[in-house]
Amino acid sequence: MQKIDLENKTLFVTGAAGFIGSNLVKRLLKDTTTARIIGIDNMNDYYDPALKEFRLKELQDERFVFIKGDIADRNAIEAIFNDYQPAVVVNLAAQAGVRYSITNPDAYIQSNLIGFYNILEACRHHPVEHLVYASSSSVYGSNKKVPYSTDDKVDNPVSLYAATKKSNELLAHAYSKLYNIPSTGLRFFTVYGPAGRPDMAYFGFTNKLRKGETIQIFNYGNCKRDFTYVDDIVEGVVRIMQGAPEKQTGDDGLPLPPYAVYNIGNSSPENLLDFVDILQQELIRAGVLPEDYDFEAHKQLVPMQPGDVPVTFADTSALERDYGFRPSTSLREGLRRFAQWYKEFYL
């Protein structure tokens, strides 16, 4: 592994106003004293832009430069690489969400494929030490073997979103092989926490329960999700940024692709019904819901949704082996922090 010191470097984070991106920028500003961070985000209205504005306000620092732009805009990306010469690139910009991809495929092709291609091309023409990019646990599709390992075959995506994320891994592998660009893909597992994405179940459930609406629990509550707290995700990203796959030459004299993929998940899947139970307890504790809230009256068990999978479960042994890290924030602790933030932000 090639060690990378982030001090005195320019770091480029795409999706910088997003949930993971903004938390990563905040952490990089805290951890370094001389690194300069360039962020880009198109600030689209897939969900409430006020949340993105809130996250950006927390990032005001002279070492952080924010550019409103789209990674699908080739000229904008070229200009950033020419002007700032980033040493480490973290691509978190993407159209997220499984269900939205069923009705709005164009957004996924633009951001997740064309946008990622623009990033790869820019890395090819500039001296980038490490490209780190977000993949997703959804690439595992309906794999029956759990926990999910990065050694598993993942050729059967069940959503367009998953297909674009698998495509990112394939494109990165080709660019690593052809142009010797060190790249690491990270398969994130159900990320949650304060100021997260409102389209995620925990956030959507909270909004509905507050309004007295009924929440729908898919697959009759028999889904299991490997919920991963955002600080654990960021910890993993920061460690991986500093350790790039080594450039090596194969027996044929050609470069071996300096390429890796890791899972970042909590490695302890929670049943959806248990998750919802802990969520309502923490919402009551934080004062978001009244103590006598009739939870049973606002809960409906429904069948599985298209594109969803029954279980996600990360095998993180490779991450532990190579970077000495394993996510550990408990679901209750993470949901408690979310509930407290929600009360401050919305009530």
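Report on the accompanying structure. Being a predicted model, the structure only gives us computed values, none of them experimental.

Comments concerning the overall build of the chain
Now for step 1: When you go through the chain residue by residue, the secondary structure sums to 11 helices and 17 strands.
Now for step 2: Radius of gyration (C-alpha) of the chain: 20 Å, near the 20 Å computed for a compact globule of 347 residues.
Now for step 3: Based on the C-alpha atoms only, the size of the chain along its principal axes is roughly 65 × 45 × 40 Å.
Now for step 4: In the chain, the share of contacts with a sequence separation of at least 24, taken over all contacts with a separation of at least 6, comes to 84%.

Digging into the sheet that holds strand β2 (residues 10-14)
Now for step 1: Read from one edge of the open sheet, 7 strands run β4-β3-β2-β5-β6-β7-β15, paired in parallel fashion. Only two strands of the sheet have a single partner each, and these edge strands are β4 (64-68) and β15 (259-264). Averaged over neighbouring strand pairs, the angle between their axes works out to 15° when direction is ignored.
Now for step 2: Where β2 meets strand β5 (residues 88-91), 4 bridges bridge the pair, whose relative direction is parallel. Paired with Thr 14 across the two strands is Asn 91, which belongs to β5.
Now for step 3: Its contacts with the sheet place helix α1 (residues 19-31) against β2, β3 (36-41), β4, β5 and β7 (183-188), and it is angled at close to 160° to β2.

So, the pairing of β15
Now for step 1: Taking burial as the measure, the 6 residues of β15 include 5 buried ones, the bulk of the element.
Now for step 2: As judged from the 6 bridges shared by β7 and β15, these two strands associate in the parallel manner. Of the residues in β15, the one forming a bridge with Thr 184 is Ala 260.

Concerning the pattern of salt bridges
Now for step 1: Enumeration over the complete set of coordinates arrives at 18 salt bridges.
Now for step 2: The partner of Arg 27 in a salt bridge is Asp 31, with the nearest N and O atoms 2.7 Å apart. In this pair, Arg 27 and Asp 31 are both assigned in helix α1, 4 residues apart and thus about one turn of the helix distant.
Now for step 3: Among the residues examined, Asp 31 registers a relative accessible area of 36% and is labelled partly exposed.
Now for step 4: A salt bridge links Arg 321 to Asp 322; the nearest nitrogen and oxygen atoms lie 2.8 Å apart.
Now for step 5: Given a relative accessible area of 63%, Arg 321 falls into the exposed group.
Now for step 6: With relative accessibility at 27%, the residue Asp 322 sits in the partly exposed group.
Now for step 7: The structure contains a network of salt bridges with shared partners spanning Arg 27, Lys 30, Asp 31, Glu 235 and Arg 239.

Conventions used here
Residues numbered from 1 in each chain as written. Predicted model: local features only at pLDDT ≥ 70, side-chain atom pairs only at ≥ 80, totals over all residues. Heavy atoms only, no water. Helix = DSSP H or I, 4+ residues; strand = E, 2+ residues; numbered from the N terminus. Rg over C-alpha atoms; globule rule 2.2 N^0.38 Å. Contact = heavy atoms within 4.5 Å. Pairing = 2+ DSSP bridges. Axes fitted to C-alpha atoms, helices over the stretch in contact; angles between N-to-C directions. Buried < 20%, exposed > 50% of the residue type's maximum accessible area, 1.4 Å probe, protein only. Salt bridge = Lys/Arg side-chain N within 4 Å of Asp/Glu carboxyl O.

In short, geometric facts, not functional conclusions.
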